[in-house]
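Report on the structure
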Amino acid sequence: MALPTINPTTTKAWKKLSDHHEIIKRKHLKELFETNPQRAEQLSISWNDFYVDFSKNRIDNTTMELLLQLAEETKLKEAMTTYFGGETINQTEGRAVMHTALRNSTAQEVLIEEINVIPEVAQVKQKIKTFSEQIINGELKGHTGKAFTDIVNIGIGGSDLGPAMVTEALEFYKNHLNVHFISNVDGDHVHQNLKKLNTETTLFIVVSKSFGTQETLSNAITARNWFIDKVSKDAVGKHFVAVSSNIQKVVDFGIEEDNIFPLWDWVGGRFSLWSAVGLSISISLGYDNFEKLLEGAYQMDVHFKDTPFKENIPVVLALLSIWYNNFFEAESEAIIPYSQYLHRLPAYLQQGIMESNGKSVDRNGDRVDYQTGTIIWGEPGTNAQHAFFQLIHQGTKLIPAEFIGFKKSLFGDQEHQDKLMANFFAQTEALMNGKSKKEVLAELETKNLSQEKIEQLLPFKVFDGNKPTTTLLIDQLTPESLGALIAMYEQRIFVQGIIWNIFSYDQWGVELGKQLADTILNEVDKKELGKHDDSTINLLKYYLS
Ligand code: F6P
């Protein structure tokens, strides 16, 4: 069964949501709380160690009912069955989307094109486990017989961001091995990293699903040449392994078949950290922690599959995102984790969300006449408070913000934790309530200022408030809770893609730039410029001069 192809704007719910928006947009969040004493309870979800409070959003119960109706009319439930059923929902690339099979610890059988993929998945997991353990305990050694100390992941996009984000997020659980990430084709990136490394004790993991990505291949070649120059070609086999679905290309590159960790075309790059792409996670955190990460994600998948939409975290958060994007016409969404460990989460989610749902042609092949993919950005709190929060509080743009915080810190410094979380709660409260003229006036009057000065300052100190936030309060940052959090965003991407009637799992948009870069590189090599616009010609001439 193919995915539904319903234009969301033609549904009854859409029309009703448009009318309803005219009412809601005039209401202040404070008023919504005042008129419904049960609001905080009604608009929150408790699940495992997650507490999701979405009551500080510019919605009421009718909004939620209508959004749920939209999900129904666009046949979300049917689409979920098609997705989990292993059908080819990535239609433009002719692939199933089954990264969820990688974390389904209970499955005996997952059929993709009538083939049960579970035995193969189990085999690769066993290979990851064995290899990780042998690297961690020093059984596998470098060319001079020394145990490995440094692991270098060479990849880009989904072959970099996931492992980089997770290893940083779970650094608390990390073992003695140092882990590095080389992604950018900027030579300074690879050379800066190589400078720190010792050939005797470094393991390179070249991660590329296609094994055709310019950045990754260039960096892998540079790293290999560096290694050969210092050691020898014969020793390469002990220091280079690869993760790819293109076995032949890896072999052609010079990595032995035994040293290849396969993945499958039904695992999209930006959803691949659960596969062997997560090898650096498993090595630096230990396989058990990698499994826990997968288990957390699986629990979220079960929640997503089995929970009525009203109580379903990915569904509810996806619907809110649509509400702001399509009815409030919000241009972007901020994601603010109150944990320094989650420093890279917004960057990781930028790929997941923006590469997936940055589409303007619908599933019928027609250009859409409504907004799709949201712009995601963010930084950890409290740093973000001292950077861009001013604009969220008092700027002209509506920016729905998601606050992610943890009840318990990892090092257990309660004094710091209380300060961090006091800020976490205070910001969402301030964004919602703002500060009225009356309140500012009362405050200024205590400051011994002239009436003239008070009147001068007054307009600048007023905060309108009514800025929507969603709070995700999680018990603690663990491999399980991080797995669940990532899977929550993944499922939310799916929901939004279904409702927007777009294909979320291809990324043709990034191809054009790659093709043009190849053409220009060729011309730069030969110093012979081809046909370009005047601006590009001038820039290239300046570069070559
Ligand atoms: O940027 C496009 C993209 O294809 C991403 O989707 C992918 O994660 C990245 O490039 C890297 O691709 P690969 O793993 O094939 O090197």
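Here is what the cut-offs are and how they apply
Chains are numbered independently. Their residues run from 1 in the order of the written sequence. Predicted model: local features are reported for residues with pLDDT of at least 70 only, side-chain atom pairs are reported and counted for 80 or more only, and whole-chain, interface and lining totals are derived from all residues. As a rule here, side-chain values come from all non-hydrogen atoms in the structure, and water together with hydrogens is ignored. Nearness of a residue to a molecule or strand requires only that one of the residue's heavy atoms be within 4 Å of it. N or O atoms within 3.5 Å of each other form a polar contact, as long as, within protein, one can give a hydrogen and the other can take it, and as long as residues adjacent in sequence are counted only when both atoms are side-chain atoms. Note on areas: Shrake-Rupley, 1.4 Å probe, and residue coverage restricted to the protein chains presented here. Under the scheme applied here, ten amino acids are nonpolar (Ala, Val, Leu, Ile, Met, Phe, Trp, Tyr, Cys and Pro), four are charged (Asp, Glu, Lys and Arg), and all others, including Gly, are polar. Two strands are said to pair when DSSP picks up at least two bridges between them. The helix count covers DSSP runs of H or I at least four residues long, the strand count covers runs of E at least two residues long, and both are numbered beginning at the N terminus. Axes here refer to lines fitted to C-alpha atoms; in helices the fit is confined to the stretch in contact. Angles between the N-to-C directions go from 0 to 180 degrees. Here a residue-residue contact requires only that any non-hydrogen atoms of the pair lie within 4.5 Å. UniProt positions are given in the numbering used here, feature names are shortened, and annotations may be inferred rather than shown by experiment. For each residue, the accessible area found with a 1.4 Å probe, counting protein chains only, is set against the maximum for its type, and the residue is called buried under 20%, exposed over 50%, and partly exposed in between. For this analysis, a nonpolar core means a set of buried residues of the types Ala, Val, Leu, Ile, Met, Phe, Trp, Tyr and Cys, connected via side-chain atoms within 4.5 Å. To estimate the expected span of a helix, count its residues, drop one, and scale the result by 1.5 Å. Confidence of the prediction at every residue is given by pLDDT, a number between 0 and 100. Here a pair means two rings of Phe, Tyr or Trp (six-membered ring of Trp) with centres within 6.5 Å. Their orientation is stacked below 30 degrees between planes, edge-to-face above 60, and tilted elsewhere. Oblique is the label for any angle not under 35 degrees, not over 145, and not in the 65 to 115 range, which are roughly parallel, roughly antiparallel and roughly perpendicular in turn. Crossings are sorted by hand: turned counterclockwise from the far helix by less than a right angle, the near helix makes the crossing left-handed, and turned clockwise it makes it right-handed.

Near the ligand lie 15 residues; those nearest to it are Ser159, Ser208, Ser210, Thr213 and Glu355. Separating an oxygen atom of the ligand from a side-chain N or O atom of Ser159 is a distance of 2.6 Å. A distance of 3.2 Å separates an oxygen atom of the ligand from a polar atom in the side chain of Gln351. The fraction of the free accessible surface of the ligand (390 Å²) that becomes covered by protein chains is 87%. Taken together, the residues of the shell around the ligand break down into two nonpolar, nine polar and four charged.

Strand order in the open sheet made by the six strands is 1-2-13-12-10-11, with mixed pairing throughout. Sheet topology places strand 1 (44–47) and strand 11 (375–377) at the edges, where each strand pairs with a single neighbour. Taken pair by pair, the neighbouring strands of this sheet meet at an average axis angle of 15°, ignoring direction. Inspection of the sheet shows strand 2 (residues 50–53) paired to strand 13 (residues 469–476) by four bridges, in the antiparallel sense. From the neighbouring strand, Val52 faces strand 13, where its bridge partner is Leu472. Each of strand 12 (401–408) and strand 13 is contacted by helix 17 (residues 414–433), which is oriented at about 150° to strand 12, the strand it contacts most.

Bringing the UniProt feature "active site" (unreviewed entry) in the protein into the picture now. Listed under "active site" (unreviewed entry) in the UniProt record, and renumbered for this structure, are Glu355, His386 and Lys514. In sequence the annotated residues extend across 160 residues, and in space they extend as well, their farthest C-alpha pair lying 36.9 Å apart. Looking at the secondary structure, you find His386 in the loop between strand 11 and helix 16 (389–394). Accessibility expressed as a relative area gives 69% for His386, which makes it exposed. Counting through the fold element by element, Lys514 comes out in helix 21 (residues 511–526). With a relative accessible area of 43%, Lys514 lands in the partly exposed category.

Another point: the environment of Ala164. Looking at the element boundaries, Ala164 is found in helix 7 (residues 161–169). In this structure Ala164 comes out as buried when scored by relative accessible area, which is 9%. Spatially, the C-alpha atoms of Ala164 and Gly278 are 9.3 Å apart, while their sequence positions differ by 114 residues.

Generally speaking, soluble globular proteins have nonpolar side chains that are buried together. Of all hydrophobic cores here, the largest spans 121 residues; its most connected members are Val166, Trp266, Ile404, Leu485 and Phe494. Looking at this core, the element that brings in the most residues is helix 20 (residues 479–500), giving 13 residues. Non-local contacts of Leu485, meaning those with residues more than four positions away in its chain, are made with Phe50, Leu342, Leu345, Ile404, Leu472 and Ile474. Among the nonpolar cores identified, the runner-up in size contains 21 residues, and Val152, Phe227, Phe240 and Ile255 belong to it.

Another aspect to go through is the sheet that holds strand 7 (residues 202–207). The strands that make up a sheet are held in pairs by hydrogen bonds between backbone atoms, and each pair lies either parallel or antiparallel. The sheet built from five strands is open, its strands ordered 6-5-7-8-9 with parallel pairing. Every interior strand has two partners, whereas the edge strands, strand 6 (178–182) and strand 9 (260–262), have only one. Across the sheet, the mean angle from the axis of one strand to that of its neighbour is 20°, orientation sign disregarded. Pairing analysis gives three bridges linking strand 8 (residues 240–244) to strand 9, with the strands arranged parallel. Paired with Ser244 across the two strands is Pro262, which belongs to strand 9. Helix 6 (residues 118–136) rests against strand 5 (150–154), strand 7, strand 8 and strand 9 of the sheet, and its axis sits at about 145° to strand 9.

Taking 1.5 Å per residue, 22 residues should reach 32 Å; helix 20 reaches 32 Å between its end C-alpha atoms and fits that length. Phi for Asn501, located one or two positions after helix 20, is positive at around 60°.

Interpreting fine coordinate detail is not advised for predicted regions of low pLDDT. Residue-level pLDDT values for the protein average 97, and 100% of them are 70 or greater. Reported for the predicted complex are a pTM of 0.97 and an ipTM of 0.98.

Here the focus is the packing of aromatic side chains. Here the distance between the centres and the angle between the planes together describe a pair of aromatic rings. The full count for this structure, using the stated rule, is 27 aromatic pairs. Relative to Phe403, the ring of Phe389 lies with its centre 6.0 Å away and its plane at 75°, an arrangement referred to as edge-to-face. Residue Phe389 is found in helix 16, and its partner Phe403 is found in strand 12; the two are separated by 14 residues along the sequence. The exposure classification of Phe389 matches that of Phe403, with both residues buried. A ring pair is formed by Phe403 and Phe424, whose centres lie 6.1 Å apart and whose planes are at 65°; its orientation type is edge-to-face.

Our focus in this paragraph is the packing of helix 14 (residues 313–327) against helix 20. Across the interface, helix 14 lies against helix 20 with an axial gap of 8 Å and an inter-helix angle of 50°. The pairing of helix 14 with helix 20 is recorded here as oblique in orientation. The handedness of the crossing between helix 14 and helix 20 is right-handed. Taken together, the residues of helix 20 that come into contact with helix 14 (itself represented by Ile313, Pro314, Val315, Leu317, Ala318, Leu319, Ser321, Ile322, Asn325 and Asn326) are Met488, Gln491, Arg492, Val495, Gln496, Ile499 and Trp500. Residue composition of the contact of helix 14 with helix 20, by class: eleven nonpolar, five polar and one charged.

This part covers helix 7. Most of helix 7 is tucked away: eight of the nine residues are buried. Taken together, the buried positions of helix 7 are occupied by Leu161, Gly162, Pro163, Ala164, Met165, Val166, Thr167 and Ala169. On the buried face of helix 7, the contacting elements are strand 5, strand 6, helix 12 (279–285), helix 13 (287–306), helix 15 (345–357) and helix 20.

Before going further, it helps to spend a moment on unusual backbone geometry. The omega angle of the peptide bond from Gly381 to Thr382 is 10°, so this bond is cis rather than trans. Following the sequence through the fold, Thr382 ends up in the loop between strand 11 and helix 16. Phi at Asn48 is positive, roughly 45°, even though this residue is not glycine. Relative to the elements of secondary structure, Asn48 occurs in the loop between strand 1 and strand 2. The backbone phi angle of Glu113 is positive, close to 50°, even though this residue is not glycine. By the element assignment, Glu113 lies in the loop between strand 3 (111–112) and strand 4 (115–116). With a relative accessible area of 59%, Glu113 lands in the exposed category.

Attention shifts here to the side chain of Thr213. On the secondary structure map, Thr213 appears in the loop between strand 7 and helix 9 (214–230). Those residues in contact with Thr213 that lie beyond four places of it in its chain are Ile156 and Ser208.

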